[in-house]
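Residue-level structural notes
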Amino acid sequence: MNSAEWFSEISEELWPNQCFSLKVKNVLHEERSKFQDIKVLETYSHGTVLVLDGIIQCTERDEFAYQEMISFLPLCCHPNPKKVLIVGGGDGGVAREVVKHPLVEEVHQVEIDDRVIELSKKYLPFMACGFDSPKLKLTIGDGFEYMKQREGEFDVIITDSSDPIGPAETLFQESYFMLAKKALRPNGIICSQGGSFWIDTEHIKNTLNHCRKHFAVVGYGMASVPSYPTGNIGFFIASLNENTKLNEPTKTFTDEEIDNMKMRYYTSNIHRAAFTLPRYAAKHLY
């Protein structure tokens, strides 16, 4: 943060020569956990903001777009997602959304940094409410080690990670997709944060290729989240079932059902549209 009380998200490694800035009203909390630097900011335009290692993870203004899409895209690609694993997601937002799905009976979540969970409960209760569901079982630990012990157990695995540098780098490599495949039941589906095609299509293409080595159907969906670099974020989605049509939800919801689940971004039409990429991106990735 500079003397004018602006927070600027600067990373020459991830998005060189550009940054996103927010005017800060208050610094609510900052510390160094065992794993990362954590800041919680109160901003004028985006409400409460969670920042890890200098990178915005979520803002009160637009977090719902990311949380709903990373959750409901894979859940609605699976015909019967009874048992779900969330890797990461310490702010509770993905858990909040996953437990809403009427077919989901059991959710397991593994998060390595307990301080993110504790601080989210204090400063981001609108997201951390996901931890209160009786469907959820939370484990503090390493996602890799957790999955190694649970072969053939989950219908859907959702990886809500930070960007592919530092501790999260391994979550974008072939070894991770191989491990996730083993932890899935037959016809299982995975979904991971996938970055923006406006910044690094080569990274996205490489990750898709890693995924294709282990999954029958692989795709990349997108959503609009203004506080993320370029205002766009994507998701790697893959299925073990070769008949899966990622762009056609197996479960659709009425407007009334969407309203009752208090969702503000995801709909069945948004699901279909998410897989329609700009021409240049589609040509490069596929």
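Residues numbered from 1 in each chain as written. Predicted model: local features only at pLDDT ≥ 70, side-chain atom pairs only at ≥ 80, totals over all residues. Heavy atoms only, no water.

Re helix α3 (residues 114-123)
Let me state the cut-off plainly: Each residue is placed in one exposure class: buried if its accessible area under a 1.4 Å probe, protein chains only, is under 20% of its type's maximum, exposed if it is over 50%, and partly exposed if it falls in between. Runs of E in the DSSP output that reach at least two residues are strands. Runs of H or I that reach at least four are helices, and both are numbered from the N terminus. Here, residues are in contact when the closest pair of their heavy atoms is within 4.5 Å. Residues adjacent in sequence count toward polar contacts only when both atoms are side-chain atoms; beyond that, a polar contact is any pair of N or O atoms within 3.5 Å, and within protein one must be able to donate a hydrogen and the other to accept it.
When we look at burial in α3, the residues that qualify are V116, I117, L119, S120 and Y123. Where α3 is buried, its residues touch β2 (19-32), β3 (37-43), β4 (47-52), β7 (106-111), α4 (125-128) and β8 (136-140). The backbone nitrogen of R115 has a side-chain oxygen 3.1 Å away, supplied by the residue at the start of α3, namely D113.

Quick word on the environment of D200
For D200, the position within the fold is in the loop between β10 (184-195) and α7 (201-212). Separated by 185 residues in sequence, D200 and W15 place their C-alpha atoms 8.6 Å apart.

Observations regarding the sheet that holds β8
Which entries qualify depends on this criterion: Here, a strand pair is defined by DSSP locating no fewer than two bridges between the strands. Working convention: axes come from line fits to C-alpha atoms, limited for helices to the stretch in contact. Angles between N-to-C directions cover 0 to 180 degrees.
Read from one edge to the other, the open sheet built from 7 strands follows the order β8-β7-β6-β9-β10-β12-β11, with strand pairing classed as mixed. Both outer strands of the open sheet, β8 and β11 (217-224), are each paired with one neighbouring strand and no more. Ignoring strand direction, the axes of neighbouring strands in this sheet form an average angle of 20°. Where strand β6 (residues 83-88) and strand β9 (residues 154-160) come together, 5 bridges link them in parallel fashion. Along β9, the bridge assignment pairs V87 with T159. Set on the sheet, helix α1 (residues 63-75) makes contact with β6, β9, β10, β11 and β12 (232-239); between it and β9 the angle comes to about 155°.

Quick word on α1
Selection rule: An expected span of 1.5 Å times one less than the residue number is assigned to each helix.
In this model α1 runs 18 Å from its N-terminal to its C-terminal C-alpha over 13 residues, within 8% of the 18 Å that 1.5 Å per residue would give. Most of α1 sits inside the fold, with 13 of its 13 residues counted as buried.

Observations concerning the pattern of salt bridges
Rule in force here: Throughout this description, the term salt bridge denotes a Lys or Arg side-chain nitrogen within 4 Å of a carboxyl oxygen of Asp or Glu.
According to the stated counting rule, one finds 14 salt bridges in the structure shown. Between R32 and D37 there is a salt bridge whose closest N-O contact spans 3.4 Å. Of the charged contacts in the structure, one is a salt bridge between R185 and D155, with a shortest N-O distance of 3.0 Å. Of this pair, R185 sits in strand β10 while D155 is found in strand β9, placing the two residues 30 residues apart along the sequence.

What to know about the sheet that holds β3
Spatially, 5 strands are ordered β1-β2-β3-β4-β5 in an open sheet, and the strand pairing comes out antiparallel. The strands lining the two open edges of the sheet, one partner per strand, are β1 (6-10) and β5 (55-59). Strand-to-strand twist in this sheet, taken as the mean axis angle between neighbours without regard to direction, amounts to 50°. Pairing analysis gives 5 bridges linking β1 to β2, with the strands arranged antiparallel. Each bridged residue has a counterpart across the sheet, and for E9 the counterpart in β2 is F20. Where α3 meets the sheet, its contacts fall on β2, β3 and β4, and the angle it forms with β2 comes to roughly 105°.

Regarding the side chain of H271
Within the secondary structure, H271 sits in helix α9 (residues 268-274). A residue is classified by how much of its surface remains accessible, and H271, at 0% relative accessible area, is buried. If sequence neighbours within four positions are ignored, H271 has contacts with F72, L73, C76, C77, L246, N247, E248, P249 and Y266.

Let's talk about the packing of aromatic side chains
Aromatic rings in a pair are described by how distant their centres are and how their planes are angled relative to each other. Selection criterion: Classification of ring pairs rests on two measures: the distance between centres of Phe, Tyr or Trp rings, Trp counted by its six-membered ring, which must be within 6.5 Å, and the angle between planes, read as stacked under 30 degrees, edge-to-face over 60 and tilted in between. Charge-over-ring contacts are defined here by two conditions on Lys NZ or Arg CZ: a distance within 6 Å of the ring centre and an angle within 35 degrees of the ring normal.
A full pass over the atoms with the stated rule returns 11 aromatic pairs. With a centroid separation of 5.4 Å and an interplanar angle of 45°, the aromatic rings of F197 and W198 are classed as tilted. For the ring pair W198 and Y280, a centre distance of 5.6 Å and an interplane angle of 45° mean the geometry is tilted. Of this pair, W198 sits in the loop between β10 and α7 while Y280 sits in helix α10 (residues 279-285); the two residues are 82 residues apart in sequence, bridging distant segments of the chain. A relative accessible area of 38% means that Y280 is categorised as partly exposed. Among the aromatic residues, ring-to-ring pairing joins F197, W198, Y220, F236 and Y280 into one connected group. Above the face of the Y44 ring, K23 is positioned so that its terminal group lies 5.6 Å from the ring centre.

Structural notes on a negative patch on the surface
The condition that has to hold: The residues that make up patches have over 30% relative accessible area and no salt bridge, and they are joined within 9 Å when like-charged or within 5 Å when they are Val, Leu, Ile, Met, Phe, Trp or Tyr. Working definition of accessibility: Shrake-Rupley area with a 1.4 Å probe, residue cover restricted to the visible protein chains. We treat Lys and Arg as the positive residues and Asp and Glu as the negative residues; His and chain ends play no part in the count. For this purpose, a charge sits on NZ of Lys, CZ of Arg, CG of Asp or CD of Glu.
On the surface, D255, E256, E257 and D259 cluster together into a patch of negative charge. You can see E257 is positioned in helix α8 (residues 255-260).

A closer look at the nonpolar core
Rules: For our purposes a nonpolar core is just a set of buried Ala, Val, Leu, Ile, Met, Phe, Trp, Tyr and Cys residues, chained together by side-chain atoms within 4.5 Å.
Counting 40 residues, the largest nonpolar core has L73, V98, F235, I237 and Y266 as its most contacted members. Contributions of two or more residues to this core are made by α1, β6, α2 (93-98), β9, β10, β11 and β12. At 7 residues, α1 tops the list of elements feeding residues into this core. Excluding residues that lie within four positions of it along the chain, V98 makes contacts with S71, L75, V84, I86, V104, V107 and I158. Counting 28 residues, the second-largest nonpolar core is a separate cluster that includes F177, A180, L208 and L277.

Purely spatial values, then, with no claim about function.
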